[in-house]
Amino acid sequence: MIIAIDGPSGAGKSTVARLLSRELGFEYIDTGAMYRALAYKAYINNIEVKEDTIDEMLETTEVDYSDNKIFLDKMNVESLIRSEEISKYASKISAFKNVRTKMVELQRNIAKNKNVILDGRDIGTKVFPDADFKFFITASVETRAERRYEQLLAGGTAADRDNVLEDIKKRDINDSTREFSPLKKADDAILIDTTHMEINEVVRKIKDFVGGQN
Ligand code: C5P
């Protein structure tokens, strides 16, 4: 079974997907981590974010995701890819066609013959248009920025509230206006606005949908 969870940055997708995967005994695939891993490689190697240079990098780059961990060229990079700088790079790099083709293929392969929950931007529209369940999780941009800000502080990263809000707005624009697989609610996805909801409520709501229809 495939459960697709899409939505904009900071809506709480990955927290919800992680909790849900534990409760349902499904595997979790964090597709954003894959784009972040590529962004990290470009960033530390000073590779210019242009289509041809990134295409070249792709040829000698291996990304993998297993046991809730993201691997870049066989190295676990989970703790290195969550900064705001990498978020910005990831949003730019993920607009390139060959990057998307390679990551989508990887996601389909990893999910093959398994019960999985994937979260991202294009799972319900592109990666698994026939997913058993599709959810589109969103929240007001201010709420998403505030959550992201709290998350950064909790993780020990200094952050500025206004900058975080601006970055989220820019990522929303980048992700939803790009040519290939823009962020978009699939027509048949269930919309959940979490602006006034606690994480546990969201998890319960999704579980009710999944459980209620099986
Ligand atoms: O979800 P997360 O914030 O970790 O994703 C980082 C970036 O990767 C997003 O801003 C988006 O540009 C890109 N992304 C994507 N498609 C996905 C998942 C993430 O384009 N399925």
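The rules behind these values
Residues numbered from 1 in each chain as written. Predicted model: local features only at pLDDT ≥ 70, side-chain atom pairs only at ≥ 80, totals over all residues. Heavy atoms only, no water. UniProt positions renumbered as here; feature names shortened; annotations may be inferred. Near = heavy atom within 4 Å. Polar contact = N/O pair within 3.5 Å; in protein donor to acceptor, adjacent residues only side chain to side chain. Areas by Shrake-Rupley, 256 points an atom, 1.4 Å probe, with all protein chains shown as cover. 1 Å grid on protein atoms, 1.4 Å probe; cavity = no way out; pocket = protein on both sides within 12 Å on 5 of 7 lines; lining within 4 Å. Sits in = over half its atoms within 2 Å of the grid points. Helix = DSSP H or I, 4+ residues; strand = E, 2+ residues; numbered from the N terminus. Domains from an automatic or database assignment. Axes fitted to C-alpha atoms, helices over the stretch in contact; angles between N-to-C directions. Parallel < 35°, antiparallel > 145°, perpendicular 65-115°, else oblique. Contact = heavy atoms within 4.5 Å. Buried < 20%, exposed > 50% of the residue type's maximum accessible area, 1.4 Å probe, protein only.

- Within an unreviewed UniProt entry, the label attached to the chain reads Cytidylate kinase, and the organism entered is Sedimentibacter saalensis.
- Per UniProt, the chain has the following entry under Sequence similarities (unreviewed entry): "Belongs to the cytidylate kinase family. Type 1 subfamily."
- A UniProt comment under Subcellular location (unreviewed entry) is attached to the chain, and it reads "Cytoplasm".

**Focus on the site of the ligand**
Right, so step 1: In the vicinity of the ligand lie 14 residues, with Arg 36, Ser 94, Arg 100, Asp 175 and Arg 178 positioned nearest.
Right, so step 2: Here a nitrogen atom of the ligand and a side-chain polar atom of Thr 31 are 3.0 Å apart.
Right, so step 3: Between the ligand and Asp 175, the relevant distance is 2.7 Å, taken from an oxygen atom to a side-chain nitrogen or oxygen of the residue.
Right, so step 4: Alone, the ligand offers 450 Å² of accessible surface; in the complex the protein occludes 95% of this.
Right, so step 5: Applying the majority rule of atoms within 2 Å of the grid points places the ligand in the largest pocket.
Right, so step 6: When contributions to the shell around the ligand are tallied by element, the ones reaching two or more residues are helix 2 (31-44), helix 4 (84-93) and helix 8 (161-177).
Right, so step 7: It is helix 2 that contributes the most residues to the shell around the ligand, four residues altogether.
Right, so step 8: Counting the residues that make up the shell around the ligand, at least three belong to each of domain 1 (1-25 + 114-209) and domain 2 (31-113).

**A few points about the packing of helix 2 against helix 4**
Helix-helix packing is described using two parameters, namely the angle between the two axes and the distance between the axes.
Right, so step 1: One way to put it is that helix 2 packs onto helix 4 with a least axis distance of 8 Å and a crossing angle of 105°. Relative to helix 4, the element helix 2 is oriented roughly perpendicular. Here helix 2 contributes Tyr 35, Arg 36, Leu 38, Ala 39, Tyr 40, Ala 42 and Tyr 43 to the contact with helix 4, which in turn contributes Glu 85, Ile 86, Ser 87, Tyr 89, Ala 90 and Ile 93.

**A look at the UniProt feature "binding site: ATP" (unreviewed entry) in the chain**
Right, so step 1: Annotation from UniProt places "binding site: ATP" (unreviewed entry) at Gly 7, Pro 8, Ser 9, Gly 10, Ala 11, Gly 12, Lys 13, Ser 14 and Thr 15. Of the annotated positions mentioned, Pro 8, Ser 9, Gly 10, Ala 11, Gly 12, Lys 13, Ser 14 and Thr 15 line the largest pocket.
Right, so step 2: Summarising the element assignment, Gly 10 is placed in the loop between strand 1 (2-6) and helix 1 (13-24).
Right, so step 3: Residue class for Gly 10 comes out partly exposed when judged on its relative accessible area of 27%.
Right, so step 4: The contact partners of Gly 10, leaving out residues within four places of it in the chain, are Arg 144 and Arg 147.
Right, so step 5: Note that Ser 14 resides in helix 1.

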